[in-house]
Amino acid sequence: MSIRTEKSKEPPNRLPASPRRGVVQDLIPLRSRRSGPEGDAGPDPSAGGKIIMKFGGSSVADAGCMREVAALVTAALPRSPLVVLSATAGTTDSLLAAARLAEQGDRDGALLIGRELQSRHRGIAGELFPGGLPGELDQALTAMDAELDLLLRGVAMLRELSPRSLDAIASIGERLSTRILAAFMQADWVDARTVVRTDDGFGSALPLFQELSALAARDLAPLLGPGRAVVTQGFIGATAGGVTTTLGRGGSDFSAALFGAALGVADIQIWTDVEGVLTCDPRVVRAAQPIAELSFKEAGELAAFGAKVLHPATIKPAMEAGIPVTVRSTRQPNGRFTTITAQVRTGRPITALAGRGPVTLVTLTCADMHTQSGFLAMGSLFQVLSRHRIGVDLIATAEDSVSFTVEAGLPLEALLKDLEGFGAVGVARDRTIVAVVGERLKLTPGVTGRCFGALREINVEMISMGANEINLSFVVRREDATAALVALHGALIESPMREDGRSAGGLSHAERRRGTNIVQFG
Ligand code: ADP
Ligand code: ASP
Ligand code: MG
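The model shown is predicted, which means the values in this text are computed figures rather than measured ones.

Peer 1: Would you mind showing me how to read the packing of aromatic side chains here?
Peer 2: Describing an aromatic ring pair means giving the distance of the ring centres and the angle of the ring planes. Applying the stated criterion across every chain yields a total of three aromatic pairs. Relative to W271, the ring of F55 lies with its centre 5.9 Å away and its plane at 20°, an arrangement referred to as stacked. With F55 in strand β1 (residues 51-55) and W271 in strand β7 (residues 267-272), this pair connects stretches of sequence that are 216 residues apart. With relative accessibility at 0%, the residue F55 sits in the buried group. Measuring from ring centre to ring centre gives 6.2 Å for F129 and F184, while their planes differ by 85°; the resulting arrangement is edge-to-face. Taken as a pair, F129 in the loop between α3 (107-128) and α4 (135-158) and F184 in helix α5 (residues 163-185) lie far apart in primary sequence, 55 residues in all. Overall, the relative accessible area of 26% leaves F184 in the partly exposed class. Positioned above the aromatic ring of W189 is the side chain of R179, whose terminal nitrogen or guanidinium carbon lies 3.6 Å from the ring centre. Lying across the ring of F337, R328 places its NZ or CZ 4.3 Å from the centre.

Below, the structure written as C-alpha cells:
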C-alpha cells in the first residue's frame with residue numbers, strides 16, 4: 001500500500017455539460033460495455049480484474065469493524081480495489097436529526113449531536129491508532145468538526161434548512177468514515193465530490209454519467225493499481241459548480257455501481273450485514289435464505305419493491321455495463337453470497353419476496369368506466385397525475401374503477417380535488433405492497449393459486465402483475481404485511497414449486513411453524 005496525499009477537495013469544473021442531464025441509461029460509454037443486458041457477464045479481460053468494494057454503515061460501525069474491512073481490502077489488494085464507504089452506522093440519521101433540531105432553532109441540541117459524532121469518530125480513530133492520531137487525520141477530523149459546527153449554527157440562526165444545506169450536513173458522515181479508514185490503511189483518500197458529478201436535485205441528485213466517467217478516467221483510474229487501495233465515499237457527489245449533493249438515502253450502493261460502470265471493473269462487491277440477497281428480509285421472515293444467483297431484472301425488481309439490501313438505482317449502471325454485482329457479508333466473509341448477472345441459471349419459478357410501504361392506495365370510481373366518458377376519465381387521470389408530478393407504483397383497473405398506489409407522505413390534496421371531477425375518490429393510507437418476484441413466474445402454472453391460498457386469511461385490496469411479468473404484487477394493510485410475507489414465503493419458497501406448478505416437496509405446515517429450515521435454494 002502506498003501513502004499518498006489527498007486529492008484536491010474542489011470538484012474540477014472543466015468538462016462539457018452532459019447532453020442528457022441525469023439520465024444514466026445510454027450514457028455508459030461503449031468501451032466499458034461488454035455484452036449488454038442479455039449477454040454474457042463474464043469478467044472483462046481489459047478491466048484487469050479490478051473491483052469495487054462497497055461497505056455499508058454496519059460494516060464500519062466501530063474500530064473492530066474497520067479492522068475487518070481493512071483485512072478484507074488487504075486480501076483483495078492484487079485486484080486494485082476501489083473502496084466505497086458509507087458513514088458509520090447511525091451517523092447519517094444523527095446528522096439529519098441535528099439539522100432538524102437546528103432548523104427548529106435548538107442550536108445547542110444540534111451542536112450536542114455534532115459533538116457526540118465527533119467524539120464517536122475520534123473514539124474509533126483512537127482505538128485504531130493507540131499511539132496517537134496521525135497529524136493529517138487529526139487535522140481532517142478537526143476541520144470537519146468545525147465545518148459541521150458552522151453549518152448547524154447557520155441553519156439555527158436562520159431557522160431555515162434547504163435541501164442544499166441538508167446535503168452539505170449529511171455529506172460529513174461519509175467523509176469522516178473514509179478519512180479514518182484511509183488513514184488506518186495508509187491508502188489514497190479521494191473526495192467523491194471531485195468525481196461524482198450530479199445535477200442539483202439536492203437530496204436525491206441524478207448522476208451525470210458521461211461527466212462522471214470522464215472524471216473517473218482522468219482522476220481516479222490512474223490511482224488504481226495492484227497492491228494499493230483507494231478509499232472514497234458513497235452517497236455524495238457535487239454539481240458542476242462544486243456544490244455538495246447526495247444521491248438519496250442508502251445511495252452508497254448506487255455510488256458503487258456508478259464507479260464500477262465508469263471504471264469498467266470486473267466485479268462490484270456490496271459488503272453488508274447479511275449473506276447476500278435473501279429470499280425475503282430476514283427481519284421479517286426468519287426462514288429467509290441466501291440466493292446464490294439472481295438476474296439483474298430480479299434484483300432490480302426486488303430493490304424497487306423494498307429489499308433494502310440494495311438501493312434501487314444500483315442495478316441499472318451495472319446491467320448496462322454488463323458488470324456482475326456480488327452481495328457479501330462482512331460478518332461471514334467466507335460464507336454464502338449472491339451473484340447478480342444478466343443470466344438466470346436456475347429454474348426457480350419464484351426467487352424472492354419483498355415488501356414496500358407505507359403506500360397510499362387511491363381508487364377512482366366512475367360508473368361508466370367502459371364508455372366514452374370512462375376512457376376520458378382514464379386519459380385525464382394520467383394527465384392529472386403528471387400535472388401534479390405524482391409517480392404511480394402499481395395500477396389496476398376494473399369495470400367501474402381504477403386503483404393505484406403512490407408513496408405515502410406525498411401532498412395529495414390538490415390531486416384528489418382534481419380527480420373528484422371524474423368520479424368518487426377513495427383513499428386508503430398505511431398500505432404495503434407485497435411483491436412476489438421471479439424470472440419464471442409467468443411460465444409457471446399455479447403460482448396465483450398458491451398465492452391466494454396463502455393469503456386466504458388476509459384482506460388483499462389490489463393485485464397487479466408487472467408488465468415485465470416477473471412481479472406479482474398485492475396491496476395489503478400495513479399491519480397484515482408481515483403475516484402476508486410469512487405466509488407467501490411458506491407457500492412459495494419453503495415449499496418450492498416445480499416449473500409444472502406442482503410442489504417439489506418442502507416443509508410441512510407444522511415444520512414451518514416450528515421454524516425449521518432445511519430447504520436448499522439456488
Ligand atoms: P448497509 O448498511 O450495508 O447498506 P442495509 O441496512 O442498507 O445495509 O441493507 C441490509 C439490510 O437489508 C439487511 O440487514 C436486511 O435486514 C435488509 N433486507 C431487506 N430485504 C432483504 C433481502 N431480500 N435480502 C437481504 N437483506 C434484506
Ligand atoms: N449513509 C447514507 C445513508 O445512511 C448512505 C448509505 O449508507 O448508503 O443513507
Ligand atoms: Mg444500504
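Peer 1: Help me understand the packing of helix α1 (residues 63-75) against α3 in this model?
Peer 2: Packed helices, taken two at a time, are described by the angle between their axes plus the distance between the axes. As a packed pair, α1 and α3 sit with axes 9 Å apart at the nearest point and diverge in direction by 55°. Comparing the axis directions of α1 and α3 gives the class oblique. Once α1 is placed against α3, the crossing between them reads as right-handed. Only I124, E127 and L128 of α3 make contact with α1, whose side of the interface consists of A63, M66 and R67. Looking at the contact of α1 with α3, its residues break down into four nonpolar, no polar and two charged.

Peer 1: Would you take a moment to explain the site of ligand 2 for this structure?
Peer 2: Contacts to ligand 2 come from S86, A87, T92, E174, F235, R249, G250, G251 and S252. For ligand 2, a nitrogen atom lies 2.7 Å from a polar atom in the side chain of T92. Contact distances for ligand 2 include 2.7 Å between an oxygen atom and a side-chain N or O atom of R249. Protein burial of ligand 2: of its 260 Å² of free accessible surface, 86% is covered by the chains. Of the residues that constitute the shell around ligand 2, the class distribution is two nonpolar, five polar and two charged.

Peer 1: Quick question: what am I supposed to make of the pairing of strand β16 (residues 471-477) here?
Peer 2: Extensive coverage of β16 is indicated by the burial of six of its seven residues. Pairing between strand β15 (residues 460-465) and β16: five bridges, direction antiparallel. Note that in β16 the partner of S464 across the bridge is S473. With antiparallel pairing between neighbouring strands as the criterion, β15 and β16 make up a hairpin whose turn holds five residues, including E469 at a positive phi of roughly 60°.

Peer 1: Looking at this model, I keep getting lost on the sheet that holds strand β12 (residues 395-397). Mind explaining?
Peer 2: Across a sheet, strands are paired by hydrogen bonds formed along the backbone, either parallel or antiparallel in direction. Across the sheet, six strands lie side by side as β12-β13-β11-β14-β16-β15; this open sheet has antiparallel pairing. Because the sheet does not close on itself, it has two edges, and the strands there are β12 and β15. Going across the sheet, the axis of each strand differs from the next one's by a mean of 30°, ignoring polarity. This element, helix α8 (residues 296-304), spans β11 (352-365), β14 (424-437) and β16 of the sheet and lies at about 60° to β11.

Peer 1: What am I meant to see in the side chain of S252 here?
Peer 2: Residue position: S252 is located in helix α7 (residues 252-263). The buried category is assigned to S252, whose relative accessible area is 3%. Excluding residues within four positions of it along the chain, S252 makes contact with K54, V84, L85, S86, E174, G234 and F235.

Peer 1: Help me understand the pattern of salt bridges, please; the structure alone is not making it clear to me.
Peer 2: Working definition: two side chains of opposite charge can pair if their charged atoms are close together. Taken as a whole and judged by the stated rule, the model has 19 salt bridges. One salt bridge connects D267 with R328, and the closest N-O pair in it is separated by 3.6 Å. On the criterion of sequence distance, the pair formed by D267 in strand β7 and R328 in strand β9 (residues 325-329) is long-range, its members being 61 residues apart. With a closest N to O distance of 3.9 Å, R477 and E461 form a salt bridge. Taken together, the positions of R477 in strand β16 and E461 in strand β15 put the pair 16 residues apart, joining distant regions of the chain. With relative accessibility at 25%, the residue E461 sits in the partly exposed group. Beyond isolated ion pairs, a larger network of salt bridges with shared partners links R431, E461 and R477.

Peer 1: Would you mind going over α1 with me for this structure?
Peer 2: In this model, α1 (13 residues) spans 18 Å end to end at C-alpha, consistent with the 18 Å of a helix rising 1.5 Å per residue. Of all the residues in α1, the buried ones are A63, C65, M66, V69, A70, L72 and V73. Between a side-chain oxygen at the N-terminus of α1 and the backbone nitrogen of G64 the separation is 3.1 Å; the capping residue is D62.

Peer 1: Would you take a moment to explain the site of ligand 1 for this structure?
Peer 2: Inspection of the region around ligand 1 gives 16 residues, with T272, D273, L278, R283 and K308 positioned closest. Between an oxygen atom of ligand 1 and a main-chain N or O atom of G57, the distance comes to 3.2 Å. Taking V309, its main chain carries an N or O atom lying 3.4 Å from an oxygen atom of ligand 1. Alone, ligand 1 offers 580 Å² of accessible surface; in the complex the protein occludes 89% of this. Here the shell around ligand 1 is composed, by residue class, of seven nonpolar, four polar and five charged.

Peer 1: Please clarify how the side chain of K54 should be interpreted in this entry.
Peer 2: Mapped onto the secondary structure, K54 falls in strand β1. Sequence-distant contacts of K54, defined by excluding residues within four places in its chain, comprise V84, S86, S252, D253, A256, Q269, I270 and W271.

Peer 1: What am I meant to see in the pairing of strand β10 (residues 338-341) here?
Peer 2: The two faces of a sheet get side chains in turn, since along a regular strand they alternate between them. Side chains T338 and I340 project from β10 onto one buried face, and the interleaved T339 and T341 project onto a second face that is buried too. Here strand β8 (residues 293-295) pairs with β10 via three bridges, running parallel. Note on β10: the bridge partner recorded for S295 is T341. Of the pairings in the sheet, the one linking β9 to β10 comprises three bridges and is antiparallel in character. Paired with T326 across the bridge in β10 is T339.

Peer 1: Could you clarify how one ought to interpret the sheet that holds β8 in this entry?
Peer 2: Spatial ordering of the open sheet is given by β3-β4-β2-β1-β7-β9-β10-β8, a layout of eight strands whose pairing is mixed. Single-partner strands in this sheet number two, and they are β3 (188-190) and β8. Strand-to-strand twist across the sheet, computed as the mean angle between neighbouring axes with direction ignored, equals 20°. Pairing of β3 with strand β4 (residues 230-233), which is carried by three bridges, proceeds in the parallel orientation. Bridging from a neighbouring strand, D188 pairs with V230 of β4. Contacts between α5 and the sheet are confined to β2 (82-85), β3 and β4, with β4 contributing the most and set at about 170° to the helix.

Rules used throughout
For every chain, the first residue of its written sequence is number 1, and the numbers climb from 1 along that sequence. By the order in which they are written, chains take letters starting at A while ligands take numbers starting at 1. Selection of residues for local features in this predicted model requires a pLDDT of at least 70, selection of side-chain atom pairs for listing and counting requires 80 or more, and totals for whole chains, interfaces and linings are taken over all residues. Each side-chain value is worked out from all heavy atoms of the structure, with water and hydrogens disregarded. Between the rings of Phe, Tyr and Trp (Trp by its six-membered ring), a pair exists once the centres lie within 6.5 Å; its type follows the angle of the planes, with under 30 degrees stacked, over 60 edge-to-face, and the other angles tilted. A helix here means a DSSP run of H or I that spans at least four residues, while a strand means a run of E at least two residues long, and both kinds are numbered starting from the N terminus. The buried label goes to any residue with under 20% of its type's maximum accessible area, the exposed label to any with over 50%, and the partly exposed label to all in between, with areas taken from a 1.4 Å probe on protein chains only. Look at NZ for Lys and CZ for Arg. If either is within 6 Å of the ring centre and within 35 degrees of the ring normal, a charge sits over the ring. Axis definition: a line fit to C-alpha positions, over the contact stretch in the case of helices; interaxial angles, taken between N-to-C directions, run 0 to 180 degrees. Each angle receives one of four descriptions, namely roughly parallel if under 35 degrees, roughly antiparallel if over 145, roughly perpendicular if within 65 to 115, and oblique otherwise. Whether a crossing is left-handed or right-handed is set by the direction in which the near helix is turned from the far one by less than a right angle, anticlockwise for left-handed and clockwise for right-handed. What makes two residues a contact is simply this: any of their non-hydrogen atoms within 4.5 Å. Lys, Arg, Asp and Glu make up the charged group, whereas Ala, Val, Leu, Ile, Met, Phe, Trp, Tyr, Cys and Pro make up the nonpolar group; the residues left over, Gly among them, are polar. For each residue, the test is whether any non-hydrogen atom lies within 4 Å of the molecule or strand; if one does, the residue is near. Polar contacts, as used here, are pairs of N or O atoms within 3.5 Å; protein pairs need one atom able to donate a hydrogen and one able to accept it. Residues neighboring in sequence count only if both atoms are side-chain atoms. All accessibility values rest on the Shrake-Rupley procedure with a 1.4 Å probe; residue burial counts only the protein chains present in the view. Each pair of strands is called paired provided DSSP finds at least two bridges between the two strands. Salt bridges, as used here, are contacts in which a Lys or Arg side-chain nitrogen is within 4 Å of a carboxyl oxygen on Asp or Glu. For a helix, the expected span equals 1.5 Å multiplied by the number of residues minus one.

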